Amino acid sequence: MTKTLSEVCELVGGELRGDGALVVERLAGLDHAAPGSLVFAFEPSAVAAAEASGASAVLLREDCQSSLPAVAVADPRRAQGILLRAFMPPRPAPTGIHPTAVVDESAVIGPDPSIGAYAVIGAGARIGARVRIGAHTVLGAGCAVGDDSLLHAHVTLYDGVEVGQRVVIDSGAVLGADGYGYNFVDGGHRLVPQLGGVVIEDDVEIGANTTVDRATLGTTRIGAGTKIDNLVMVAHNVQTGQHCLLISQVGVAGSTTLGNGVVLAGQVGVADHITLGDGVMVGAQSGVAKDAAPGQRLMGTPALPGIEFHRMMAALTRLPGMMRELRRKEREAGPDGA
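Okay, so let's go over this structure. (Residues numbered from 1 in each chain as written. Predicted model: local features only at pLDDT ≥ 70, side-chain atom pairs only at ≥ 80, totals over all residues. Heavy atoms only, no water.)

1. Side note on the pairing of strand 27 (residues 219–222)
What counts here: Partly exposed describes any residue whose relative accessible area lies between the buried limit of under 20% and the exposed limit of over 50%, with all areas from a 1.4 Å probe on protein chains only and scaled to the type maximum. Numbered from the N terminus, helices here are DSSP runs of H or I no shorter than four residues, and strands are runs of E no shorter than two. When DSSP finds two or more bridges between two strands, those strands count as paired.
Here strand 27 shows a clear split, with T220 and I222 buried on one side and none of T219 and R221 buried on the other. Pairing geometry for strand 24 (residues 197–200) and strand 27, over four bridges, is parallel. Residue pairing in the sheet places V198 in a bridge with T220 of strand 27.

Here is the structure:
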């Protein structure tokens, strides 16, 4: 997988600076560069490090200069994504169905499958074209997986889970387990039967050891283009809009609705039965306990609008000094307050 610097420039729509015939053999970080590498300088402060890294070329911001052959672009991070995809190894050829896989005779398997060792495909499952299913992955009865999706090893889909096209699910993810619903009856907690389903729309990515619970009634739905990180919990009857981002260790409680483009940073907790409007962004480790209007930026626990939160934190840092001043005045006033 090699490209000339001119080809790199064409891929990212940049400006070529230097020898376009230079061969780029690999992409590298600044700490692991070598001759033949192209490195990335996302900020002006990184250009000197790129020049000292031993790399042969650099991709940098268009307002930066370098002594190395370079490709200059308006958005280096976007360009990096394009190049990482371009330098990826080619997709392996379909491997077919491994002899140890257990595929129910009623399952429907599309063309060009790759089904790994000891995978289990349940009764009535429907697998689209070019789907890749890793070793020890289990699809329960009635599951559906759309074309070009990838389920890594040890993924579990409970009965009836529907997965769209071009979905990626990483190892250890569990979709369709019972939602956490109990009634206290006759001195004990009794599970409320969870009869609903899970639908994962097209182009969703779900990280390792993430769980998406089935609905009590109806459907738990993950909207198209949503990207979910590792170790995320999505509870029963949650509805996410399109192109949401749920980052590591987020927990979304039952029957909550996220609009399009909602971003929940790491370790955010969202209470049940609330609605976050389109474009809401919630800072890391925040706790959201009430509805949020579209476009709000929230931080803290309980989550507050960002400006209000920062004002509160600024006031909090002044509190120790205010307490010292209060004690000083109390001492000066004496015991009778005179």
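2. Focus on the sheet that holds strand 28 (residues 227–228)
The strand order across the open sheet built from twelve strands is 8-11-14-17-20-25-28-31-34-37-39-40, with neighbouring strands paired in mixed fashion. The open sheet has two edge strands with one neighbour each: strand 8 (96–97) and strand 40 (304–305). As paired strands, strand 8 and strand 11 (residues 114–115) are joined by two bridges and run parallel to one another. The residue of strand 11 that forms the bridge with I97 is I115.

3. Here's the deal with the nonpolar core
So the rule is basically this: We call a set of buried residues a nonpolar core when its members are Ala, Val, Leu, Ile, Met, Phe, Trp, Tyr or Cys and they connect through side-chain atoms within 4.5 Å of each other. Only heavy atoms enter the contact rule, under which two residues are in contact if any of them lie within 4.5 Å.
Counting residues in hydrophobic clusters, the biggest one holds 49 residues, and the most contacted among them are L157, I169, L246, L264 and L276. Once residues within four sequence positions are removed from consideration, L157 is found in contact with V138, L139, G140, C143, V145, L151, V163, I169 and L175. Residues L5, V8, V24 and A57 belong to the second largest nonpolar core, which totals 16 residues.

4. Let's talk about helix 1 (residues 5–12)
Applied cut-off: The reported arc concerns the directions from the helix axis to the C-beta atoms and nothing else.
Buried residues of helix 1: L5, V8, C9 and V12, and no others. Projected onto a plane normal to the axis of helix 1, the buried residues spread over an arc of 100 degrees and lie on a single side. A positive phi of about 65 degrees marks G13, the residue just after helix 1.

5. Structural notes on unusual backbone geometry
The peptide bond linking T301 to P302 adopts the cis configuration, its omega dihedral lying at -5 degrees. Mapped onto the elements of the fold, P302 is located in the loop between strand 39 (297–299) and strand 40. We note that R166 has phi near 60 degrees; this positive angle belongs to a residue other than glycine. Position of R166 among the secondary structure elements: in the loop between strand 19 (162–163) and strand 20 (168–169).

6. A closer look at the packing of aromatic side chains
Counted only if it meets this: For this analysis, a ring pair means two rings from Phe, Tyr or Trp (six-membered ring only for Trp) whose centres lie within 6.5 Å, classed as stacked if their planes differ by under 30 degrees, edge-to-face if by over 60, and tilted for the remaining angles. Charges are assigned to positions over rings by a cutoff of 6 Å between ring centre and Lys NZ or Arg CZ, combined with an angular limit of 35 degrees from the ring normal.
Within the structure shown, the criterion is met by two aromatic pairs. Ring geometry for F40 versus F42: centroids 6.1 Å apart, planes at 15 degrees, classification stacked. Classification of F40 by relative accessible area gives buried; the value is 9%. Seen from their ring centres, Y180 and Y182 are 5.1 Å apart, and the 70 degrees between their planes marks the pair as edge-to-face. Relative accessible area serves as the criterion here: at 41%, Y182 is assigned to the partly exposed category. Between the NZ or CZ atom of R77 and the centre of the ring of F42, over which it lies, the distance is 4.0 Å.

7. Quick word on the pattern of salt bridges
We count it as follows: Take a side-chain nitrogen of Lys or Arg and a carboxyl oxygen of Asp or Glu: if they are within 4 Å of each other, that pair is a salt bridge.
This structure, assessed with the given rule, holds twelve salt bridges. D203 serves as the salt-bridge partner of R166, at 2.7 Å between the closest nitrogen and oxygen. Remark: D203 occurs in the loop between strand 24 and strand 25 (205–206) and R166 occurs in the loop between strand 19 and strand 20; sequence separation between them is 37 residues. Residue R166 is classed as partly exposed on the basis of its relative accessible area, which comes to 38%. Take D203: its relative accessible area is 29%, and that puts it in the partly exposed class.

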